[in-house]
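Structure at a glance
The chain contents come next:
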Amino acid sequence: MSSPTDLTAPAAPTASEAELPDGAEPFGLGTSARRSDALPKALGIYPYASDLWAEGLLWGAVLRSPHPHARIVSVDTSAALAVPGVHAVVTAADLPSASVEGLTDRRGVADRPVLADGLVRHHGEPVAAVAADHPDTARLAAASIVVEYELLEPVTDPEQSFTCPPLHPDGNLFRHLPLRTGDPEAVGEVVVEGLYQVGRQDPAPIGAEAGLAVPRPDGGVELHLSSTDPHGDRDRTAACLGLEPDRVRLVATGVPGATADREDLSFQVVLALLALRTGRPVKMTLTREESFHSHTSRHPALLRYRHHADAEGRLVKVEAQILLDGGAYAEVSAEALAAATAFSVGPYTCPNVFVDAWAVRTNNPPAGRMRGEGALQTCFAYESQLDRLAALVGVDPVEIRRRNAMTTGDPLPTGQAVTCPAPVAALLDAVSTAPLPALPVDDPDSEWLLPGGPGGAGDPAAVRRGIGYALGMVHMLGAEGEDEVSTATVRVSGDHATVICAAVDVGQGFATLARQIVQSVLGVSEVYIAPVDSDQSVAGPSARGRHTWVSGGAVERAAVMVRHQLLQPIAANFGMSVELLTIADGKISSYDGVLGMPVTEALEGKELWATAQCRPHPTEPLDENGQGDAFVSIAFCAMRAVVDVDIELGAVRVVDVTVAQDVGRALNPRQIEERIEAGVAQGVGLALLEDLRTEGGRLLNPSLTGYRLPTALDTPEVRIAALLEERDVVATFGAKAVSAVPAVAAPAAVAAAVRAATGLPVARLPILPEDAITA
């Protein structure tokens, strides 16, 4: 990855970094501190749940429905119980009668059973589970369970869900959200219309789900899982088992990749149930196919848009219909729909907006949380519309975006004013003026640069280059009244500090950030991050960039309280206030230069600690017209994609992606660049490769050979044109989340580039070869 351009240069070493001796670790906020888990992960010695073991261990396996929609007539477990080595078989009858699980939707409804009870509503839904003394025995026994099904007609087209019989007592509509802003009679001099489709993208974590459950002497259970929300998972698991929350302890293990909710709750509840039933530790490690069946994926979407503009391309009115396929269960469909609706126009100003958005139930696999849920789908649609509008008006795609760019203080279509920094035009200028990559040379040594790679069947003369732009936006933290809070404890003893916070580092680098915060506030270089479990105070889920803001804020406040405890007696000895003392470069100094004491000397023989909370300002639900202050803050991104397209074969190669992002403050520049690169790779995957296909509700490609992920050869050069640092005054350190918005903008940018290369509309994701063939 190349260095940023002159707009900001956060990747350049700071003065303190430049002066570091060879091998020394960068210190504190603003430096590119190295991740403490990088080396053990690279060496393969980092502990994950799949590595765990316990004395007397049994293995669990799950029987899943082969049908997307069926009534369960009977379940016969006798053959499974007769298999030597089987210790328990459980079905829905072994759970409390009211045992349903899953993330509650905005109405507080948890509609997903742990094990199917009476009905199965999607392919791969868990029906029964087995514990045995060997994993192969457990799988064999699970396969021997005889389930008699009465097949029912599955509903797989979300447009049919409005008129078909209810698939659940709750009905088929998770949420309808109308948005009404401005004059419905307004019309523009030019109008463009489009119908857009976004497919089903899977998180496809590099490590499949695994966990260990250990029964406790008090009748409870201890779970070791790669959870991203220890307290939420603990509480839901306890409710499903009919236990008090303090009888369930969840220990967060290493997380082998997470860009969404990491564990399906049915998995952990069943694991705990088997341990309680057998009285022995039980472990489960899912196969890759089971993993595809067990977790949620991105909402497939159908989007109809009509943009009205004046003769110069300035937006007059936007009309849209948005339909999200939530699959069989609610999960976070209501929340995803709110983001899709509120960001339906994108980071552009428009006085008149009329949207109808629905999230519906089908017999397709459940959809859930994934980077930029809701915002990604609409970004592809509104950016495609801007390209069409530019072509119709006869202006450059960059100029059409510049003329409509949002600025700080402008309202969202929901009526909420964007009070955070919104440097949309500056971001667009940064990517549009960045140098373009060179064209490939027409010689045999450069053939691998062409679509199809070496030995490809294409003719180099059929390759066309395209350049496309996209602007993306995402909200940070929870929305619509969700209470966001995190608690942290900082303890200092001698020359080292310990941070206790139940914020799980899922790869986003929170452990590194927490260490940097304590280093900056207290001047202590050795900072230990305690392992996470549910006995600690609540920190909330690892999602929507919330741990940088909320948990980072809690760590900072606790560290500041410890700092005051440390400095107060020193200040008193010198007859001055604490505010006249500073800590920098490991030394306590006074304003007049009289005092210059090493922090380690001041801490000698002392043990100080403090606990603090961080809770951002509240939000409110959107009303019946889609109005309300629903979001805490928003992050923005501009992106330019350069592609080469073989117009005869439809092969596409993404050559280069240039990014300018609104980061508030670059707390760890190198880590920010890595997160942006990861988001771009995920977005490019959706644009060209990733599609979890279904037919009649059944998954067709639940494997890493059938579900195509981008490899190192598919991932383009990612260049950072700018990390724009305009601090958000209400955010911790003024920083914004960075991971989701590149994933939101990248598919739209790649589609725009393919559109520019081919002249074709490119109205669906992923882009198939037939969508890029013109010759």
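Look up: the structure comes first, before these words.
Attention here is on the structure that accompanies the text. (Residues numbered from 1 in each chain as written. Predicted model: local features only at pLDDT ≥ 70, side-chain atom pairs only at ≥ 80, totals over all residues. Heavy atoms only, no water.)

What to know about a negative patch on the surface
The cut-off we apply is this: Here a patch means residues that are over 30% exposed by relative accessible area and free of salt bridges, tied together within 9 Å if like-charged and within 5 Å if nonpolar (Val, Leu, Ile, Met, Phe, Trp, Tyr). Note on areas: Shrake-Rupley with a 1.4 Å probe; residue coverage comes only from the protein chains shown. Each reported salt bridge corresponds to a side-chain nitrogen of Lys or Arg within 4 Å of a carboxyl oxygen of Asp or Glu. Positive charges come from Lys and Arg alone, negative charges from Asp and Glu alone, with His and the N- and C-terminal ends not counted. The atoms used to mark charge sites are NZ of Lys, CZ of Arg, CG of Asp and CD of Glu. Where helices and strands are cited, they refer to DSSP runs of H or I of at least four residues and of E of at least two residues respectively, numbered from the N terminus. Each residue is placed in one exposure class: buried if its accessible area under a 1.4 Å probe, protein chains only, is under 20% of its type's maximum, exposed if it is over 50%, and partly exposed if it falls in between.
On the surface, a cluster of negative charge is contributed by Glu620, Asp623, Glu624 and Asp629. Locating Asp623 in the fold gives a position in the loop between strand S25 (607-614) and strand S26 (633-646). Judged by relative accessible area, which is 33%, Asp623 ranks as partly exposed.

Overview of the pairing of strand S2 (residues 70-76)
Keep this limit in mind: Here, strands pair whenever DSSP counts at least two bridges between them.
Note that S2 and strand S6 (residues 119-120) share 2 bridges and pair antiparallel. Opposite Ala70, over in S6, you have Val120 as the bridge partner. Two elements, S2 and strand S8 (residues 146-151), share 6 bridges in a ladder whose sense is antiparallel. Among the inter-strand pairings, Ala70 is bridged to a residue of S8, identified as Leu151.

Observations regarding unusual backbone geometry
Cis geometry marks the peptide bond from Leu765 to Pro766; its omega dihedral reads -5°. Examined against the element boundaries, Pro766 turns out to sit in the segment after strand S31 (764-765). At Glu331, a residue that is not glycine, the phi angle is positive and equals roughly 45°. The residue Glu331 is located in the loop between strand S16 (315-325) and helix H8 (333-342) in this model.

What to know about the sheet that holds strand S27 (residues 651-662)
For clarity, the cut-off: Inter-axis angles, ranging from 0 to 180 degrees, are taken between N-to-C directions of lines fitted to C-alpha atoms, where helices are fitted over the stretch in contact. In this analysis, two residues are considered to be in contact whenever any of their non-hydrogen atoms come within 4.5 Å of each other.
Read from one edge of the open sheet, 4 strands run S18-S26-S27-S30, paired in mixed fashion. Both outer strands of the open sheet, strand S18 (463-476) and strand S30 (717-724), are each paired with one neighbouring strand and no more. Taking the axes of each pair of neighbouring strands and ignoring which way they run, one obtains an average angle of 20° across the sheet. Pairing between S26 and S27: 10 bridges, direction antiparallel. Across the sheet, Val642 pairs through a bridge with Asp656, a residue of S27. Contacts between helix H16 (residues 740-758) and the sheet are confined to S18, S26 and S27, with S18 contributing the most and set at about 155° to the helix.

Let's talk about a nonpolar patch on the surface
Together, Leu39, Leu43 and Ile45 give the surface a local cluster of nonpolar side chains, amounting to about 340 Å² of exposed area. Structurally, Leu39 is set in helix H2 (residues 38-43).

A look at the side chain of Lys317
Condition: Pairing of N or O atoms within 3.5 Å defines a polar contact, subject to two protein rules: one partner must be a possible hydrogen donor and the other a possible acceptor, and residues neighboring in sequence count only if both atoms are side-chain atoms.
Mapping Lys317 onto the fold places it in strand S16. Within the local environment of Lys317, its side chain forms a polar contact with the backbone oxygen of Pro184, the two atoms lying 2.9 Å apart. A distance of 2.8 Å separates the side chain of Lys317 from the backbone oxygen of Ala186, its partner in a polar contact. Those residues in contact with Lys317, other than ones at most four positions away along the chain, are Asp183, Pro184, Glu185, Ala186, Arg306, His307, His308, Cys350, Asn352 and Phe354.

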